[in-house]
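The primary structure of each chain is shown beneath.
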Amino acid sequence: MSTLTDPRELDSRTCSIARTMELIGHPWTMVVLRDLFNGVRRFDELTDHLNIARNVLARRLAGLVDAGLVEKVSYREPGQRARHEYRLTPAGRDLRPVLLAVTAFGDAHLSEGHGPPMLVEHAECGGAVEVQLRCAHGHDIASRDRLRVRPGPGAHAK
């Protein structure tokens, strides 16, 4: 791979963005993940809160379970049959910065001047949660700062 220097020479199917979007880029998936992060775990609660068709929700949850982002956990209410709730796995919880970045974009560019509909705070201190981009040497990266992309060990030529 060391001879390849131009990302256009690489197989785009090995791109981490493409692979991740294959998992989370389907309609409804991000809002299902949002609700799971916010503690909505039961199928009927998700259906009601999202106003989503049951078959669509079932497909999204099955895909998230198959991808290892969500796990099904059985529960039983007294006098009722066993049911399932859905909980994020460690891999699913690793998507929190992605959801927070999408939220920050929407708050900044799509709120039509009304401000954010939800505020995310650190439960321990009440401070606003911010997504920050920083290099491994500790430098903050601004949206206008230039970044360089180079092939990594998982890159493949076209």
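Residues numbered from 1 in each chain as written. Predicted model: local features only at pLDDT ≥ 70, side-chain atom pairs only at ≥ 80, totals over all residues. Heavy atoms only, no water.

J.: Before we move on, can you summarise the nonpolar core with the specific residues and values?
T.: Core analysis: the biggest nonpolar cluster contains 19 residues, and Val 32, Leu 33, Leu 36, Leu 46, Leu 57, Leu 61 and Val 70 have the highest contact counts within it. Residue assignment for this core shows that the elements contributing at least two residues are α2 (29-37), α3 (43-50), α4 (54-66) and β2 (82-88). For this core, the element with the most residues is α4, which contributes four residues. Those residues in contact with Val 70, other than ones at most four positions away along the chain, are Leu 36, Leu 64, Val 65, Tyr 86, Arg 87, Leu 88 and Thr 89. (Core = buried A, V, L, I, M, F, W, Y, C linked by side-chain atoms within 4.5 Å. Buried < 20%, exposed > 50% of the residue type's maximum accessible area, 1.4 Å probe, protein only. Helix = DSSP H or I, 4+ residues; strand = E, 2+ residues; numbered from the N terminus. Contact = heavy atoms within 4.5 Å.)

J.: Let's hear about the pairing of strand β1 (residues 70-76): which residues, and what values?
T.: Pairing analysis gives seven bridges linking β1 to β2, with the strands arranged antiparallel. Residue pairing across strands places Glu 71 opposite Arg 87, the latter belonging to β2. Linking β1 back to β2 in an antiparallel pair, the connection comprises five residues, with Gly 79 at a positive phi of about 80 degrees. (Pairing = 2+ DSSP bridges.)

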